[in-house]
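# Residue-level structure breakdown
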Amino acid sequence: MTMDYGRAEMLVDGAWLQAHLGDPNLRIVDCDPVDAYRRAHIPGSVVPRDNRFKDPDNIRFVMKPAQFAAAMAELGISDDTDVVAYDASGSLNAGRLWWCLTYYGYTKARVLNGGWNRWLQEGRPMTMEETKVSAGKFTPRADESVYASAEYVMSVLETPGVVVLDVRTDGEWEGTNSRGNKRAGRMPGAVHSEWTNNLVPDAARCFKPASELKSMLDGLGVTPDQEIVTVCQGGIRAAQAAFTLRLMGFDRVRNYDGSFGDWANREDTPLLK
C-alpha cells in the first residue's frame, strides 16, 4: 500500500485484513449487493440490506438517525467496533458506508484498498457461508460539518475558499445526460473530475498514489486550505470522492447527500449548461 497519503490509516490492504480475520472487535462489511455477497465474500464479512443507506421515506437522503442505528445494529456494529468496508466497485459503496458512519459520528471506519477484486487477485480466502453476528448498539451523533444541503450549497457557490467538486460523468456535467432529472447541467463555479479518476484504471481499481491524486487535484484548483463540497447524482460517488479527499489529508470536506437528484429537481437552484 502507498503510505504517503495524509491519512494513510484510512486504508487497509489485503495482507493486513487477512491477518486480522477473526478479530472479535472487527466488523468487515461487504458493501456490494446482497446477491454478490451470497456468491462469495471475505470470511467473517456481513452485508447490509441497503448498501446506500438511504432513507426509505425519501431516498434522496441518508437514513435518519434511528434508521441508521438500526442498520448498524443489524450488522453487529457498536460504537467501539472497528469497521473495514469493501466492495467490487472501486470503493464506491465502501466509501458511502465510510461517509455515513462519519456523518453519524463514528471516526474509525476504514476501506480495503482494491476491495474484493484485489482480494481475489491476491488469492486470499473466501467463503459462501453467511456470517451470523450479535446485534450491535450504535449511537448516532450527526456531524453537520461533513454534510451539505441544497441551501448550504447555494450559500457557498462561487465563494472564495470554497470549491464545489462535481464527480459525475462528462455527459451529466455537460447536461446531455439528465439522469431522469427535471433539469440538467452543472452548478455555477463548480469544477469537474469524474470519481473514477481517483482510481488506478485496472481491474482492482485501487486508489491512485498520493502524488498522482495531488497533481490531479492541484490542476483542478482543489487544495487542502479550502472547503470542498462534493456532488454527484445521489451522494454515492460524492461520498467516494469525499473519502479520497480525507485520505489525502483535507480537513474540510462536505458531501451534498441529495446532490443532483435533489438540486436538479428543484426550481430555486441555479444550473448552467
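Before reading further, recall that the structure is shown in the block above.
What this report covers is the structure whose coordinates are included nearby. (Residues numbered from 1 in each chain as written. Predicted model: local features only at pLDDT ≥ 70, side-chain atom pairs only at ≥ 80, totals over all residues. Heavy atoms only, no water.)

### Things to note about the overall build of the chain
As a reminder, the rule being used: Counting from the N terminus, the helices are the DSSP runs of H or I reaching at least four residues and the strands are the DSSP runs of E reaching at least two. The globule rule used here is 2.2 Å times the number of residues to the 0.38 power, and the radius of gyration it is set against is calculated over C-alpha atoms. Summary of the burial criterion: residues with accessible area below 20% of their type's maximum are buried, those above 50% are exposed, and those between are partly exposed, where the area comes from a 1.4 Å probe applied to protein chains only. In this analysis, two residues are considered to be in contact whenever any of their non-hydrogen atoms come within 4.5 Å of each other. Areas reported as accessible are Shrake-Rupley estimates using a 1.4 Å probe. Residue values count occlusion only from the protein chains shown. Only four residue types enter the tally: Lys and Arg on the positive side, Asp and Glu on the negative side, with His and both chain ends excluded. In this description, the location of a charge corresponds to atom NZ of lysine, CZ of arginine, CG of aspartate or CD of glutamate.
A tally of regular secondary structure across the chain gives 10 helices and 12 strands. At 18 Å, the chain has a C-alpha radius of gyration in line with the 19 Å of a compact globule built from 273 residues. With the C-alpha coordinates aligned to their principal axes, the bounding extent of the chain is approximately 50 × 40 × 30 Å. Put simply, the chain has 273 residues, and 55% of those count as buried. Of the contacts formed within the chain by residues at least 6 apart in sequence, a portion of 76% connects residues at least 24 apart. Total accessible area on the chain stands at roughly 11,600 Å², and carbon and sulfur atoms take up 49% of it. One finds the centroid of the 31 positive side-chain charges in the chain at a distance of 3 Å from the centroid of its 37 negative side-chain charges.

### Describing the layout of surface pockets
Applied cut-off: For each structure, a 1 Å grid was placed over the protein atoms alone; sets of points admitting a 1.4 Å probe that cannot get out are labelled cavities, open sets with protein on both sides within 12 Å along at least five of seven lines are labelled pockets, and lining residues have an atom within 4 Å of a point. Grid points are joined across faces, edges and corners, and a volume is the space filled by probe spheres set on the points.
In this structure, the largest pocket occupies an estimated 280 Å³ of space. Surrounding the largest pocket, 14 residues form its lining, V47, E74, L75, E130 and T131 being those nearest its centre. Within the residue set of the lining of the largest pocket, elements represented by two or more residues are α2 (34-39) and β3 (45-46). Of the residues forming the lining of the largest pocket, the biggest block, 3 residues, is contributed by α2.

### Side note on the side chain of D55
Our working definition: As used in this structure description, the phrase polar contact means that two N or O atoms lie within 3.5 Å; if the pair is within protein, one of them must be able to donate a hydrogen and the other to accept it, and residues adjacent in sequence are counted only when both atoms belong to side chains.
In this fold, D55 is placed in strand β4 (residues 54-55). Judged by relative accessible area, which is 4%, D55 ranks as buried. Among the polar contacts made by the side chain of D55, one reaches the side chain of Q67 at a distance of 3.2 Å.

### Regarding the environment of R110
The residue R110 is located in strand β7 (residues 110-112) in this model. Among the residues examined, R110 registers a relative accessible area of 19% and is labelled buried. Separated by 24 residues in sequence, R110 and Y86 place their C-alpha atoms 8.9 Å apart.

### Remarks on helix α9 (residues 237-247)
With 11 of 11 residues buried, α9 is to be regarded as a mostly interior element. Burial in α9 covers these residues: R237, A238, A239, Q240, A241, A242, F243, T244, L245, R246 and L247. Downstream of α9 by one or two residues, G249 has phi in the positive range, about 105°.

### Some details on the packing of aromatic side chains
Any pair of aromatic rings gets described here by the distance separating the centres and the angle formed by the planes. The condition that has to hold: Only the six-membered ring of Trp is used, alongside the rings of Phe and Tyr, when aromatic pairs are assigned; centres must lie within 6.5 Å, and planes under 30 degrees apart are stacked while those over 60 apart are edge-to-face, with the rest tilted. Only when the NZ of Lys or the CZ of Arg is both within 6 Å of the ring centre and within 35 degrees of the ring normal is a charge said to sit over the ring.
Here the structure, examined in full by the defined rule, presents 12 aromatic pairs. With a centroid separation of 5.0 Å and an interplanar angle of 25°, the aromatic rings of F68 and Y104 are classed as stacked. Here F68 is found in helix α3 (residues 65-74), whereas its partner Y104 is found in the loop between α4 (92-103) and β7, with 36 residues between them in sequence. For the pair shown, F68 and Y104 are each scored as buried. Between Y256 and W263 the ring centres are 6.1 Å apart and the planes differ by 80°, which places this aromatic pair in the edge-to-face class. Overall, the relative accessible area of 0% leaves W263 in the buried class. Among the aromatic residues, ring-to-ring pairing joins F53, F68, W99, Y103, Y104, Y106, F138 and Y147 into one connected group. The ring of W119 carries R124 above its face, with NZ or CZ at 6.0 Å from the centroid.

### Some remarks on the nonpolar core
The condition that has to hold: Side-chain atoms within 4.5 Å are what join buried Ala, Val, Leu, Ile, Met, Phe, Trp, Tyr and Cys residues into a set we call a nonpolar core.
Membership of the largest hydrophobic core comes to 57 residues, with the highest contact counts inside it found for Y5, F68, M72, W99 and L101. Listing elements by their share of this core, those giving two or more residues are α3, β6 (82-86), α4, β9 (162-166), α8 (210-220) and α9. It is α4 that provides the largest number of residues to this core, a total of 8 residues. When near neighbours in sequence (up to four residues on either side) are disregarded, F68 contacts F53, M63, C100, L101, Y104 and F138. Membership of the second largest hydrophobic core comes to 16 residues, among which are M187, A190, V229 and F260.

### Some points on the pairing of strand β11 (residues 227-231)
Here is the rule: Pairing between strands is defined by DSSP: at least two bridges between them are needed. A right-handed crossover is one whose linking path, passing over the helix from the first strand to the second, runs clockwise when the strands point away from the viewer.
Of all 5 residues in β11, 5 are buried; the element is thus mostly enclosed. Neither face of β11 is exposed, since E227, V229 and V231 on one face and I228 and T230 on the opposite face are all buried. In this sheet, β11 lies alongside β9 in parallel orientation, the contact comprising 5 bridges. Note that in β11 the partner of D166 across the bridge is V231. As judged from the 3 bridges shared by β11 and strand β12 (residues 253-256), these two strands associate in the parallel manner. Bridge pairing in β12 places T230 opposite N255. With α9 bridging β11 and its parallel neighbour β12, the resulting β-α-β unit is right-handed.

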